Each structure stands twice: as structure tokens, then as C-alpha cells.
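One letter stands for each residue in the lines below.
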Protein chains: 2
Amino acid sequence: MNYPNKINKQVTKTEISHGNRGMNLEMLLNQTNNYYKEKDIALIFKKPTPIGIVDVSYENNKKMIKKAYFQTQSTLDYNGIYKGKYIDFDAKECLSHTAFPLSNIHKHQTEHIRGVIRHGGIAFLIIKMNGLYYLLDGVDYLNYIDYEKRKSIAYSYIEEKGLIIKEGYLPALDYLQAVEKKYFKGE
Amino acid sequence: MNYPNKINKQVTKTEISHGNRGMNLEMLLNQTNNYYKEKDIALIFKKPTPIGIVDVSYENNKKMIKKAYFQTQSTLDYNGIYKGKYIDFDAKECLSHTAFPLSNIHKHQTEHIRGVIRHGGIAFLIIKMNGLYYLLDGVDYLNYIDYEKRKSIAYSYIEEKGLIIKEGYLPALDYLQAVEKKYFKGE
């Protein structure tokens, strides 16, 4: 009998050399955050997606949601603590090769970035673009949108200001290396 | 379709004269956190309840959840930033007059409290008990459960170690006053 997930895994050459293939940005970050937690490096979690519940019912004494709709997060998706500092970020995959559309970030999220920085926290975006992962500091993000009145961020700006996050095996996306370089340098 | 939060709110006399009557702890804290945000005092939010989605469908091109169940949060419910410090807490209403049952706090949540403190953040519980609101510091909580091998926290301990949070109109539950006293004294 064949048990689908117990089948001996045929690890092809391609899968060995590109360990994370098939994992999207969210999966890479979840794996990375689990790794940080296991190794006691940081406590950073993705917030659950907020939903609006329309109808619930009980099945075998368990409360079940029968109807609900997705709501948009009014903050960024990820937050937590690293070396005593408050960390807050969002992660976006960008399909365009030339510019990151600002429609990706809601207005209240931009205000949230502004607020986190004002209150002394670290806020940034992780952007996947042209096959690379960038950490774009919240201050650089705000500077761009406040002074350039465009509807997207030019890739050249992300290349110039962004820090490259290297993809690896464990953790899959060691963004705290970039955080360390950007915000803790010299400590 | 009726979305619960769009229903016209009937404000009764009782609700006017006893401002917070009928508001449970979660509502009081949401109102308080909104107030802190509006006044730019702190950015603290309740995390959405995580759900496991079983089935989705599309209605008028909108993705709807047709079946889902509630999951337990592996962290505490509230977190954010205040005066540059990472804040993390949970809020519990306790019906017993004599002891706070530890079954209220999951094991992974206790470990989360331990982790937040180890990483330099502020972690605590807000407990409503005997008609009063207490802030119980995470360290005091851990000390009790690590050294007393009981299944509940005696009310006398909460009375001794806890800081009273005064109920008010705006904000409804000004817990940052207690946070200020406990963690920022002398700054």
C-alpha cells in the first residue's frame, strides 16, 4: 500500500541544491522564526489573519466557524523581540522587475511603520524581487514615499538602500543577520 | 447579509450611566489600546485568534471561509511597544474568589513569558478577580509557579504582588499607569 506522505522521498539533485524550492516567502519566514525560537535567538511570530465571523455552530460540543470573511491586518504581519528591541515587519513578494507597487502596503500599515519608529522600535519590509530578498529599513521606506510622489518604489532604490538577506538551509532566510548589520552594528 | 459590527448600536440608559458596564475585559482593553494609539502613547494590539481553515468558497468574487475551527494562541494575546520597550501580556477574568487556576495559562504561554523576559521584554498578566483588576508581573508569576507546586495562585499572592489597575472612562483600563510604576519608575 502506498501512503502518500510516508513514501520514501526521492531526493533529486535539484531538490538538494535548491532546498527551499516550493516554499513561498511566508513559509520561509515561519521556518526561520521557528528556528530563532528553538535556538532562543529571538521571539518573532506571524500574527494570525484577522477574520470577521458571521456564523458559528457547534459540532460535537466544539465551536466551529460556519461563515467568516477575511479582514486586513491594521498592523504589519510579523512582530516580536530580539536583543531587547521591539521588531515589526511585513514581507512581500514583488512580481515586477522594475518597481515595487505601493498598493502592496495599506495606508494604515505605513502609519504603523511610522508609529513603531516614533516609539523606538525597529520596523522594516522584507521584499522578494528579482529572485533576491531585501530588507528595506522603515525609515528608508518612509523617506521614499514622503519625498517621491510616485505609486511605486523603483528597484534601483531597493537595490541601493536594501540589505540582501541570504537564503540558506537552516534558517531558510536569516534576516536577523541583516537586522544585526543595520540596527546593532558596533554593539 | 448582517455583519455583526455594522448593526445599529442601541445605547441604553444603563450603558450611559455606567460607562463600562457590559464591557468584558477584552472590550475594555481594546478600547484602552485604541485610546493609547489615538493619543500616540503606545502601540499595543490584541492578536487575532488563530483559526484552522477547513473549507473556503467564493461569493461575489470574495473569498469566504465556509468551515474553520478555533486554535489556541501559542503566545500571549496582546503585544506591542511602549517607550521603546517590548510589551507582552495576557488578560484573564477569574471567577473564583480565592485562587486563580493555572489551567487558565497554557504551558507554552508560560514558556513564552519566560522567553520574553529572558530577551529583555516586559511580560505580565492582567487578572480580573474579586471585582478588581490586577497587573501581575511575569517574574512574580514565574516565581510562584516555579516554587509553589500548586495548581492555582492564591488570591493573597495576587493581592500582595499585583498592582491595582483603576477602571476609568477614557481609557477604560489604564494599565500603562501600572506598567509605568512597575517597570519605568525613576526614569
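Whatever comes next refers back to the structure up there.
Overview of the structure. Within every chain, residues take consecutive numbers counted from 1 along the sequence as written. For naming, the first written chain is A and the first written ligand is 1, with later ones following in the order written. Confidence filtering applies because this is a predicted model: local features only for residues at pLDDT of at least 70, side-chain atom pairs given and counted only at 80 or more, and all residues used for totals across whole chains, interfaces and linings. Heavy atoms from the whole structure form the basis of all side-chain values; hydrogens and water molecules are not counted.

Glancing now at the overall build of chain A. Check the secondary structure of chain A and you find six helices and ten strands. A total of 187 residues make up chain A; the buried ones form 46% of that total. We call two residues in contact whenever any of their non-hydrogen atoms come within 4.5 Å of each other. Sequence separation of 24 or more characterises 63% of the internal contacts of chain A that already satisfy a separation of 6 or more. Working note: accessible area of chain A is about 10600 Å², and carbon and sulfur atoms make up 50% of it. Starting at the N terminus, helices and strands are each numbered in turn, a helix being any DSSP run of H or I of at least four residues and a strand any DSSP run of E of at least two. We call a residue buried when its accessible area falls under 20% of the maximum for its residue type, exposed when it is over 50%, and partly exposed in between, using a 1.4 Å probe and counting protein chains only. Residue-level accessible areas treat just the shown protein chains as cover; the underlying method is Shrake-Rupley with a 1.4 Å probe.

Attention shifts here to the sheet that holds strand S4 (residues 78-82) of chain B. All names here are of chain B. Spatially, the six strands line up as an open sheet ordered S1-S4-S5-S7-S8-S10, and their pairing is mixed. Edge positions in the sheet fall to strand S1 (43-46) and strand S10 (163-165), since each has one partner strand and no second. Taking the axes of each pair of neighbouring strands and ignoring which way they run, one obtains an average angle of 25° across the sheet. Should DSSP find at least two bridges between two strands, the strands are taken to pair. The pairing of strand S5 (residues 85-93) with strand S7 (residues 122-129) spans seven bridges and is parallel. Paired with Phe89 across the strands is Phe124, a residue of S7. Set on the sheet, helix H4 (residues 138-147) makes contact with S7 and strand S8 (132-137); between it and S8 the angle comes to about 80°. Simply put, an axis is a line fit to the C-alpha atoms, just over the touching stretch for a helix, and the angle between two N-to-C directions goes from 0 to 180 degrees.

Residues and elements named next belong to chain B. Tracing the chain through its elements places Gly131 in the loop between S7 and S8. Judged by relative accessible area, which is 55%, Gly131 ranks as exposed. Note: C-alpha distance between Gly131 and Asn61 (70 residues apart in sequence) is 48 Å.

We now examine the interface of chain A and chain B. Of the residues lining the interface, 39 residues belong to chain A; the matching set on chain B comes to 42 residues. Throughout, the accessible surface (probe 1.4 Å) given up by two parts as they are put together, summed over both, is called the buried area. Of the roughly 3400 Å² buried between chain A and chain B, counting both surfaces, carbon and sulfur atoms make up 65%. In what follows, salt bridge is the name for a side-chain nitrogen of Lys or Arg lying within 4 Å of a carboxyl oxygen of Asp or Glu. Our enumeration of links across chain A and chain B arrives at four salt bridges. A salt bridge links B:Glu59 to A:Lys67; its shortest N-O distance comes to 3.7 Å. In protein, a polar contact means a hydrogen-donor-capable atom and an acceptor-capable atom, both N or O and within 3.5 Å, with residues adjacent in sequence counting only if both atoms are side-chain atoms; elsewhere, any N or O pair within 3.5 Å suffices. Connecting chain A to chain B are nine residue pairs in polar contact (both at pLDDT 80 or more). A per-element tally of the side of chain A that touches chain B places strand S3 (residues 62-70) of chain A first, with nine residues. Here the residues of the side of chain A that touches chain B are counted per class, giving 17 nonpolar, 13 polar and nine charged. Relative to strand S3 (residues 62-70) of chain B, S3(A) runs antiparallel, the two being bridged by four bridges. Looking across to S3(B), one finds that A:Ile65 is bridged to B:Ala68. Any residue that is not Ala, Val, Leu, Ile, Met, Phe, Trp, Tyr, Cys, Pro, Asp, Glu, Lys or Arg is counted as polar, Gly included; the first ten are nonpolar and the last four charged.

Before going further, it helps to spend a moment on the relation of the copies chain A and chain B. Of the transformation placing chain A onto chain B, the axial shift is 0.0 Å and the rotation is 180°, giving an RMSD of 0.1 Å. Here the symmetry operator amounts to a two-fold rotation axis. A share of 95% of interface residues in chain A that are also interface residues in chain B marks the association as one of identical surfaces. Superposition of the copies was done by least squares, using only C-alpha atoms of residues whose pLDDT is at least 70 in both.

Residues and elements named next belong to chain A. Any pair of Phe, Tyr and Trp rings, taking the six-membered ring for Trp, is counted once the centres come within 6.5 Å. Such a pair is stacked with planes under 30 degrees apart, edge-to-face with planes over 60 apart, and tilted for the rest. Throughout the structure, instances matching the rule amount to 21 aromatic pairs over all chains. An angle of 75° between the planes, with centres 5.2 Å apart, marks the rings of Tyr82 and Phe184 as edge-to-face. Here Tyr82 is found in strand S4 (residues 78-82), whereas its partner Phe184 is found in the segment after helix H6 (175-183), with 102 residues between them in sequence. Exposure class is identical for Tyr82 and Phe184. Each is buried.

Core analysis: the largest hydrophobic core is formed by 52 residues, its most contacted members being A:Tyr141, A:Ile153, B:Tyr141 and B:Ile153. Excluding anything up to four places from it in sequence, B:Tyr141 contacts B:Leu102, B:Ile105, B:Thr110, B:Ile113, B:Leu125, B:Leu136 and B:Ile153. Among buried residues, the Ala, Val, Leu, Ile, Met, Phe, Trp, Tyr and Cys ones that are joined through side-chain atoms within 4.5 Å form a nonpolar core.

What follows concerns the pairing of S4(A). Residues and elements named next belong to chain A. By the criterion of burial, S4 is predominantly enclosed, with five of the five residues buried. Of the pairings in the sheet, the one linking strand S1 (residues 43-46) to S4 comprises four bridges and is antiparallel in character. Within S4, the position partnered with Phe45 by the bridge is Asn79. In this structure, S4 lies alongside strand S5 (residues 85-93), joined through five bridges in antiparallel fashion. The partner of Asn79 across the bridge, within S5, is Asp88. A loop of two residues connects S4 with S5, the two strands running antiparallel in sequence, and Lys83 in this loop sits at a positive phi of about 50°.

This brings us to the side chain of B:Asp77. With respect to the element layout, B:Asp77 can be found in the loop between S3 and S4. Sequence-distant contacts of B:Asp77, defined by excluding residues within four places in its chain, comprise B:Phe45, B:Lys46, B:Lys47, B:Phe89 and B:Asp90.

Any functional reading would require information that these geometric values do not contain.
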